[in-house]
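Commentary on secondary and tertiary structure
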Amino acid sequence: MGDEEMRIGYSFWGFLGPGITDTPDGGRSHRRPLVDALIASGHRIVFLQADRDRREAGDILGYDFDSRFTEIDVLFLEWRWPIPGRNTTECGSPGHTCDLHRQSELLHHYTAGRRIPTVIWDKDRRLPADSPWRHHPGVAVCEATLTPSPGATSLLFPVSDQWLDRTAPEALVRANRPLALAYVGNQYDRDDAFDRYFAPAAQHVPHAVAGKWQDTARWSHVTFLGRLGFHDAMALYGMALATVLLLPQRYARAGQMTQRIFEAVLSGCLPLCPAEIRHAERFVPDALLVRNGSDVVRTLRRLHTEAGTETHVRLLADCVSRLEPFRLSQQIKVLNGLLDTVAPAGDAR
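Below: a short report on this structure. Everything numeric here is computed off the predicted structure, so don't read it as measured data.

**Overview of the overall build of the protein**
- On a plain count of helices and strands, the protein comes out with 13 helices and 13 strands.
- Here the C-alpha atoms of the protein give a radius of gyration of 21 Å, agreeing with the 20 Å that 2.2 N^0.38 yields for 349 residues.
- Along the three orthogonal principal directions, the C-alpha set of the protein runs to about 60 × 45 × 40 Å.
- Contacts in the protein between residues at least 24 apart in sequence constitute 71% of all its contacts with a sequence separation of at least 6.
- Element-wise, carbon and sulfur atoms account for 50% of the exposed surface of the protein, whose accessible area totals about 15100 Å².
- A distance of 3 Å separates the average location of the 40 positive side-chain charges in the protein from that of its 42 negative side-chain charges.

Structure below.
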């Protein structure tokens, strides 16, 4: 990049701050650290979707937003996909969100029209395998998985170095944890994993589930709290001995772990990982691999007997060490290298 800054047009649909309670957005613990690291690298970031922090949450965070087509060197997209009844409806209709329309405009104007180098971060594994964007000469695709699709680059959800480095397992294991089990996250495509791992265990231990779960009739014994604000959801981890890492099958098959793993671990909540998830043994120690609901119950009972002991400290410390692949300083190197590849120094305007 030489001495010239790279102007990155960044498109995402969500929040940089804690946002509001009544909306899904899994990026709240990792998006702002990534953005700040890009800025610290010498880039200028201009956000190209709506400023939802200001409009919906009333938070003025000091970042640049532009709803027009400003001059940029690179377009960076957190990939959006069609959601019937939400972003596929007419603009201005009840319940409509304009994220998909705006993304289409950005791709048409910058990528196809002006041939601006483009990076697509397919965080939800929604970009079709046969999408023409995967083969466009000016587009690079990233996936938040240890095993990306052919031609894609691995860009994991990042956890800040400071959060990692200040975590003290010895202090976290001393916290009072009245819940044996907690889950934070929405229902989307997780019914099978919930049926197999969480729901059976919930019959035997104190527990709670936070998030948008609408179809819950068959789990009448489970305590659903509904959606919680970001900080309250994080506090729930601080009340629980363990969580279960529930993934949609499209994540599990590819070894894509969500930000829930570091949100839980760095709150002192041990992550039980279904052994069927690809690379499960890299995410958690063997002692936290589970194969069914009965295994979850047995593991929780063992963890309860070890709570507060040196064994507990070592287990949590092991979990923290396994978060190293998510470390922000490592992921920002990956992204900066990719940006330099798609938009070399001589192309910066």
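Once the structure has been displayed, the description carries forward.
**A short note on the pattern of salt bridges**
- One pass over the structure, following the stated rule, counts 25 salt bridges.
- With its nearest N and O atoms 3.1 Å apart, the salt bridge here joins R114 to E71. Pair noted here: R114 is in the loop between helix 3 (99-113) and strand 5 (118-122) and E71 is in the loop between strand 3 (64-65) and strand 4 (74-78), with a separation of 43 residues, a long-range link.
- Residue R114 is classed as partly exposed on the basis of its relative accessible area, which comes to 34%.
- Residue E71 is classed as partly exposed on the basis of its relative accessible area of 43%.
- The salt bridge involving R196 is made with E276; its shortest N-O contact spans 3.4 Å. With R196 in helix 6 (residues 191-202) and E276 in the loop between strand 12 (270-274) and helix 10 (280-283), the pair connects residues that are 80 residues apart, well separated along the chain.
- With a relative accessible area of 40%, R196 lands in the partly exposed category.

**A short note on the packing of aromatic side chains**
- With the rule as written, the count across this model stands at 20 aromatic pairs.
- Centre to centre, the rings of F12 and F47 are 5.3 Å apart; their planes meet at 80°, and the pair counts as edge-to-face. Taken together, the positions of F12 in the loop between strand 1 (7-11) and helix 1 (31-40) and F47 in strand 2 (residues 44-47) put the pair 35 residues apart, joining distant regions of the chain.
- F47 gets classed as buried once you look at its relative accessible area, which sits at 0%.
- By the ring-pair criterion, three or more aromatic residues cluster together here, those being Y10, F12, F47, Y63, F65, F76, W121 and F157.
- In this structure, R102 packs its charged tip against the face of F69, placed 5.1 Å from the ring centre.

**Here's the deal with the packing of helix 6 against helix 11 (residues 293-306)**
- Packing of helix 6 against helix 11 leaves a shortest axis separation of 7 Å and a crossing angle of 55°. Relative to helix 11, the element helix 6 is oriented oblique. Our pair here, helix 6 against helix 11, has a crossing hand that is right-handed. Contacts between helix 6 and helix 11 involve R196, Y197, P200 and A201 from the former and G293, V296 and V297 from the latter.
- Partitioning the contact of helix 6 with helix 11 into residue classes produces five nonpolar, one polar and one charged.

Conventions adopted
- Residues numbered from 1 in each chain as written.
- Predicted model: local features only at pLDDT ≥ 70, side-chain atom pairs only at ≥ 80, totals over all residues.
- Heavy atoms only, no water.
- Helix = DSSP H or I, 4+ residues; strand = E, 2+ residues; numbered from the N terminus.
- Rg over C-alpha atoms; globule rule 2.2 N^0.38 Å.
- Contact = heavy atoms within 4.5 Å.
- Areas by Shrake-Rupley, 256 points an atom, 1.4 Å probe, with all protein chains shown as cover.
- Lys, Arg positive; Asp, Glu negative; His and termini not counted.
- Charge placed at Lys NZ, Arg CZ, Asp CG, Glu CD.
- Salt bridge = Lys/Arg side-chain N within 4 Å of Asp/Glu carboxyl O.
- Buried < 20%, exposed > 50% of the residue type's maximum accessible area, 1.4 Å probe, protein only.
- Phe/Tyr/Trp six-rings, centres within 6.5 Å; stacked < 30°, edge-to-face > 60°.
- Lys NZ or Arg CZ within 6 Å of the ring centre and 35° of its normal.
- Axes fitted to C-alpha atoms, helices over the stretch in contact; angles between N-to-C directions.
- Parallel < 35°, antiparallel > 145°, perpendicular 65-115°, else oblique.
- Left-handed = near helix turned anticlockwise from the far one by under 90°.
- Nonpolar A, V, L, I, M, F, W, Y, C, P; charged D, E, K, R; others polar.

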